[in-house]
Each structure stands twice: as C-alpha cells, then as structure tokens.
Number of protein chains: 2
Amino acid sequence: METTFPQPLAMVDTTLFTILHERLCLILARRKEPPEQGELALPGGFVHVQEDVDTEDAARRVIRAKLGFDAPYLEQLYTFSGKDRDTRGWSISVAYYALIPASLLDHSQVAETLPVEDLPKLPFDHDQIVAKAIERLRSKATYSSLPAFLLPEIFTLNDLHGIYQQTQGTRLDKASFRHKIMEQDIIEPIPGQFRTGAHRPAQLYRLTHRALTPFERKI
Amino acid sequence: METTFPQPLAMVDTTLFTILHERLCLILARRKEPPEQGELALPGGFVHVQEDVDTEDAARRVIRAKLGFDAPYLEQLYTFSGKDRDTRGWSISVAYYALIPASLLDHSQVAETLPVEDLPKLPFDHDQIVAKAIERLRSKATYSSLPAFLLPEIFTLNDLHGIYQQTQGTRLDKASFRHKIMEQDIIEPIPGQFRTGAHRPAQLYRLTHRALTPFERKI
DNA sequence: AAATGTTATTTGCAAAATACAAATAAATAG
DNA sequence: CTATTTATTTGTATTTTGCAAATAACATTT
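About the thresholds
- Residues numbered from 1 in each chain as written.
- Chains lettered and ligands numbered in written order.
- Predicted model: local features only at pLDDT ≥ 70, side-chain atom pairs only at ≥ 80, totals over all residues.
- Heavy atoms only, no water.
- Pairing = 2+ DSSP bridges.
- Helix = DSSP H or I, 4+ residues; strand = E, 2+ residues; numbered from the N terminus.
- Domains from an automatic or database assignment.
- Contact = heavy atoms within 4.5 Å.
- Buried area = accessible area lost by both parts, 1.4 Å probe.
- Salt bridge = Lys/Arg side-chain N within 4 Å of Asp/Glu carboxyl O.
- Polar contact = N/O pair within 3.5 Å; in protein donor to acceptor, adjacent residues only side chain to side chain.
- Near = heavy atom within 4 Å.
- Nonpolar A, V, L, I, M, F, W, Y, C, P; charged D, E, K, R; others polar.
- Axes fitted to C-alpha atoms, helices over the stretch in contact; angles between N-to-C directions.
- Parallel < 35°, antiparallel > 145°, perpendicular 65-115°, else oblique.
- Expected span 1.5 Å × (residues − 1).

## Points about the pairing of strand E11 (residues 199-207) of chain A
Residue and element names in this part refer to chain A.
Part 1 of the argument: In terms of strand pairing, strand E9 (residues 155-156) meets E11 through two bridges, oriented antiparallel. Considered in E11, the bridge of Phe155 is made with Tyr205.
Part 2 of the argument: As paired elements, strand E10 (residues 187-197) and E11 share six bridges and run antiparallel to each other. Paired with Pro189 across the strands is Tyr205, a residue of E11.
Part 3 of the argument: The antiparallel hairpin formed by E10 and E11 contains one residue in its connecting segment.

## A few points about the domain arrangement of chain A
Reports often express the size of an interface as the amount of accessible area lost when the parts come together.
All names here are of chain A.
Part 1 of the argument: What the domain assignment lists for chain A is domain 1 (9-141) and domain 2 (146-207).
Part 2 of the argument: On the side of domain 2, twelve residues touch domain 1, which itself brings 17 residues to the contact.
Part 3 of the argument: Together, the buried faces of domain 1 and domain 2 total about 1,200 Å²; carbon and sulfur atoms form 71% of this surface.
Part 4 of the argument: Across the contact surface, domain 1 and domain 2 share zero salt bridges.
Part 5 of the argument: Counting every contact that joins domain 1 to domain 2 gives two residue pairs in polar contact (both at pLDDT 80 or more).

## Quick look at the protein's contact with DNA strand D
Part 1 of the argument: Inspection of the region around DNA strand D gives 21 residues, with Asn158, Arg178 and Gln203 of chain A together with Gly197 and Arg200 of chain B positioned closest.
Part 2 of the argument: Atoms of DNA strand D within 4 Å of the protein belong to the sugar or the phosphate in 71% of instances, the rest to bases.
Part 3 of the argument: Contact distances for DNA strand D include 3.1 Å between a base nitrogen and a side-chain N or O atom of Ser176 of chain B.
Part 4 of the argument: Taken together, the elements giving at least two residues each to the surface near DNA strand D come down to helix H5 (174-184) and E11 of chain A together with helix H5 (174-184) and strand E11 (199-207) of chain B.
Part 5 of the argument: With five residues, E11 of chain A is the single largest residue contributor to the surface near DNA strand D.
Part 6 of the argument: Across the surface near DNA strand D, the residue classes break down as seven nonpolar, six polar and eight charged.

## A word on the packing of helix H4 (residues 157-168) of chain A against H5 of chain A
Between two packed helices, both the angle of their axes relative to each other and the distance between the axes serve to describe the pair.
Residue and element names in this part refer to chain A.
Part 1 of the argument: Running from N to C, H4 and H5 cross one another at 105°; their axes reach a closest spacing of 11 Å. Put simply, H4 runs roughly perpendicular to H5. Facing Leu157, Asn158, Leu160, His161 and Tyr164 of H4, the residues of H5 in contact are Lys174, Phe177, Arg178, Ile181 and Met182.

## Let's talk about the sheet that holds E9 of chain A
Paired through backbone hydrogen bonds, the strands of a sheet run either parallel or antiparallel to each other.
Part 1 of the argument: The antiparallel open sheet is built from three strands, whose spatial order is E9-E11-E10 (chain A). Among the strands making up the open sheet, the edge pair consists of E9 and E10 of chain A.

## Some points on the interface of chain B and chain A
Part 1 of the argument: With 40 residues of chain B at the interface, the matching set in chain A holds 40 residues.
Part 2 of the argument: Taking both sides of the interface into account, the surface hidden between chain B and chain A amounts to around 3,600 Å²; carbon and sulfur atoms contribute 66%.
Part 3 of the argument: Seen at the junction of chain B and chain A, the total is zero salt bridges.
Part 4 of the argument: Scanning the region where chain B abuts chain A turns up eleven residue pairs in polar contact (both at pLDDT 80 or more).
Part 5 of the argument: Breaking the side of chain B that touches chain A down by element, the ones donating at least two residues are strand E1 (9-20), helix H1 (55-67), strand E6 (73-82), strand E7 (91-99), helix H4 (157-168) and H5 of chain B.
Part 6 of the argument: If you tally residues by element for the side of chain B that touches chain A, the top one is E6 of chain B, at five residues.
Part 7 of the argument: Grouping the amino acids of the side of chain B that touches chain A by side-chain chemistry returns 21 nonpolar, eleven polar and eight charged.

## What to know about helix H3 (residues 126-141) of chain A
Part 1 of the argument: The terminal C-alpha atoms of H3 of chain A, which comprises 16 residues, lie 22 Å apart, in line with the 22 Å expected from a rise of 1.5 Å per residue.
Part 2 of the argument: Those residues of H3 of chain A hidden inside the fold are in contact with strand E1 (9-20), strand E2 (23-27), strand E4 (40-41), strand E6 (73-82), strand E7 (91-99) and H4 of chain A.

## Topic: unusual backbone geometry
Part 1 of the argument: The peptide bond linking Pro34 of chain A to Pro35 of chain A adopts the cis configuration, its omega dihedral lying at -5°.
Part 2 of the argument: In this structure, Pro35 of chain A sits in the loop between strand E3 (29-30) and E4.
Part 3 of the argument: Not every positive phi belongs to a glycine, and Asp185 of chain A is a case in point at roughly 65°.
Part 4 of the argument: Considering the arrangement of structural elements, one finds Asp185 of chain A in the loop between H5 and E10.
Part 5 of the argument: Even without being a glycine, Phe124 of chain B presents a positive backbone phi close to 55°.
Part 6 of the argument: Relative to the elements of secondary structure, Phe124 of chain B occurs in the loop between strand E8 (113-115) and helix H3 (126-141).

## Observations regarding the protein's contact with DNA strand C
Part 1 of the argument: Neighbouring DNA strand C are 22 residues, the closest being Ala198 of chain A together with Asn158, Arg178, Ala198 and Gln203 of chain B.
Part 2 of the argument: At the protein interface, 66% of the atoms of DNA strand C within 4 Å belong to sugar or phosphate.
Part 3 of the argument: Arg200 of chain A is positioned such that a nitrogen or oxygen atom in its backbone is 2.9 Å from a base nitrogen of DNA strand C.
Part 4 of the argument: Within the side chain of Arg178 of chain B, a nitrogen or oxygen atom sits 2.5 Å from a phosphate oxygen of DNA strand C.
Part 5 of the argument: Looking at the surface near DNA strand C element by element, the count peaks at five residues for E11 of chain B.
Part 6 of the argument: Class assignment for the residues of the surface near DNA strand C results in eight nonpolar, six polar and eight charged.

Spelled out as structure tokens, the structure:
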C-alpha cells in the first residue's frame, strides 16, 4: 500500500553526557560530510529502514559507531521537526540522550568532549536539542537515580553526592542526601569493599536496579 | 540535495484527555479509511510537509479537524516507530497528548469519549501510546499545574482538588492540598466571585499563568 | 425567623522530612 | 604518635505533611 504524501526525512541525533573534571560535558562528533562538513555537532544520522528495528535502534547504532560500545543509559528525549531545521528538506529528528561514565572513554573520544558551559555554536537546531537534554537531565536528577549512570558501576556515596550536585547545578546537604538516597533503596553497599586513602575508608556501593528508578513523592 | 535512504512514513497521533462524570476519559475517532476502517482509534494522520510547519502543527491540525478548536494544553508525548507498527510500512508516529475541558465538547464528541479504565483494544500500537500518555499525565500531576487544564478557566479549589485526585488516582488531604497549591502560586482567587449553592459559597479561582507551571522541589 | 443540611474553609497538633552545624571515625603521612 | 583528611553519624531547629476537628456561610425546610 502506498501513500500519496511526500514523506519527510527521518534521522536521529544523540546527546551524549559525561562528567570530566567534575563538569558536565558532551561528547561531540566532527561532521565528515556536508552539510556543515568539518563542524562539531551532535552524533547522528539517518534512520536505516532496512537495518533498524526502530528509532531507538538507530540511536544505538549511531552511538556504537561513535563510541564502540552501548551507552549504559539511553532514553528518547524529544522529536524535532520542520521545513528549515535541515537544509536537505523537511525533516524529523528523533533525539536521544545517553549517559556515559567517563571511565569508558578513550583519548580520542575525550578530545571531542566539551563542558556544556563552554560549547561552540552547533549547526542545525542542535543548540535547541542540547538545551532540552540538559533541562531533562536536571529535571530527572531531582527525582530519580539517573545521575548514577554517569558513574562507574562501583562508587562511593560521596561520588554520588557530587554527581547529583553537578547534574542539578545546586549544593545538596550531605547528611540529608545520604538519608534520602538510602531510604529510596536505589543503591546497596558492597559488603567489605571500601575505597581507601589518607582518610577514613569510604564504603563502595552499586545500583540495586539496572534501570532508572524514580523516587517516591507526594504532591 | 537528495538522500539515498528510503524514508519511513511520518504521522502524528493524539491522545485527547478529558474528565466526564469524575472519570478520566479519552476522545477517540472512528477510522474512516483502511487500515482498521470503522474501528475506534486515536485521532491521527500523516504529516503534510506542504502544509505543516512541524509535527506539532500537524497535531494541531488533526485536533482542529476532530474537535473544531485548539486544545488548551498540547504537548509532545513520545515518538513511536518501527517496521511493524503500521501495515503500510516502516513508520514514525510522533504522539502528542492534549487536555480538553469537558465543557468544550458537544454531544457527538462526548459519544466517542470513553473512560480510560474501559477502553476497547485499540488498533496499531495505540494501546501503548495510551499507556504512555496516562503515565505522563499521572507523573506531571504530581509536580505541576497540568491537571488544571482539564478544568474550565474558572473553577473552585474543590474542583481542582478533585481533578488532581482523578488524574493521580489517589486520595489527597484537602487541607494539605490547599496549602500546597496556594504556596505554589499557580492560581489566584477572582475577587468577589463565588460559586453558590445550598452551602457556604466557594471562592472561584483562575490560573495565574497560561502555561504549565512545575512545582518547586528539592531532592 | 430559627433550625437543619451541606459544602467550603480554617485551625491545631502530631508525625515526618529536611536543613544546618557539629561531633566522631578511620585511615595515611610525617 | 600526632596531624591531616575525608567519611559517616548525631543532634537539634525548622519546615512540610497527615489527620481530625472546628468553624463559616449559604439554601432549604420547619
């Protein structure tokens, strides 16, 4: 069955968050082809209907091509569309965002990673996509285990505290944070494992659930 | 410039919420054409690249065609995609949800409105879209002024209390609710206006902001 | 006109959550 | 053995929330 409607272009774009030097960063890609050849932009590409099961599958393919592995956390962000957002024609871009622990990145990847506070003007409507992604990240950081996916699988409560502060962009009381997190039951101590140093050893923790867990909340 | 990639079909689907007899309902449409001709489904249609500025514009067009007016609240929900979700081929559906005060509906529209608890099996992946829409509505009901858009422009605090309970699906303490809402500053009393009856008159209120307002919250 | 029924709104207090400040713990480095 | 450093706990003030009851203001009935 055929439709009589001319169809728009379909693509995906990805916003890849990581934390470097205590700062929230994005992993960008230098565009190999026109338009905007040579410019830094969000990693993305066309949907391949022969190859991709759905757009999330396309996003995974793009991320694998960029990083060489799958992101520990991937979620659909928003869909951007319109006649003018891409010079090639009326287009739909399904945007995804992913959280990548910095420990998984190699040198060349770090070289294309920039703090979100310090990004160049990006091509297409990528600035808008980035703004939306940061907004979503900050928002979910206030009521879910999301920021934990920026850490390696094993971390201390202080690591977690720091990453929540960096993603939320605010200071959080240590004692209250510990209390809140522990009662939410999203992490568990790894028995007998500590990070040592010239100070009291810090208990190591891991996520209790592989997936994102929202906090309970009342109105 | 042309791309070498075969493009998927692009469409929009809309989930239209309203409250009827104190119950959360959806306004459905009977499909006029194949596939699934004659079945109740979410109102939707193809993106018209000649006509629509973007997919939100397409959703507005679909809603206007269905209801005859613009929805007071419209937001992008999620994008559904894949080879098999529509028999016509690999497709992308950008789903939107809207909140419609029941007072705006006419008889024929009410006739195609069903409680969410009592929906028939819907065609395509529309059950999945509905599930996601309800989840989003319930979620935003806990931290924003969203449910207020299901009410007419003027309402009492008890109306608001009821609509929050219906969208959240939980009981909320009246005194706490009033306190919380008033301190969030999302509604304002209309001076001198009351709804009367065989009881103490109820102060009438309106939203202070035309747009959705999230509540302040700490972790 | 007074009593009654009904919903609206406020009040008061107990319980729970959060903020803030400080004390204590446990390691390493010198 | 002491100083230093970060981790973790404790204690208390403050703010939010939950719950129950009291009070308010009208229409309707007696």
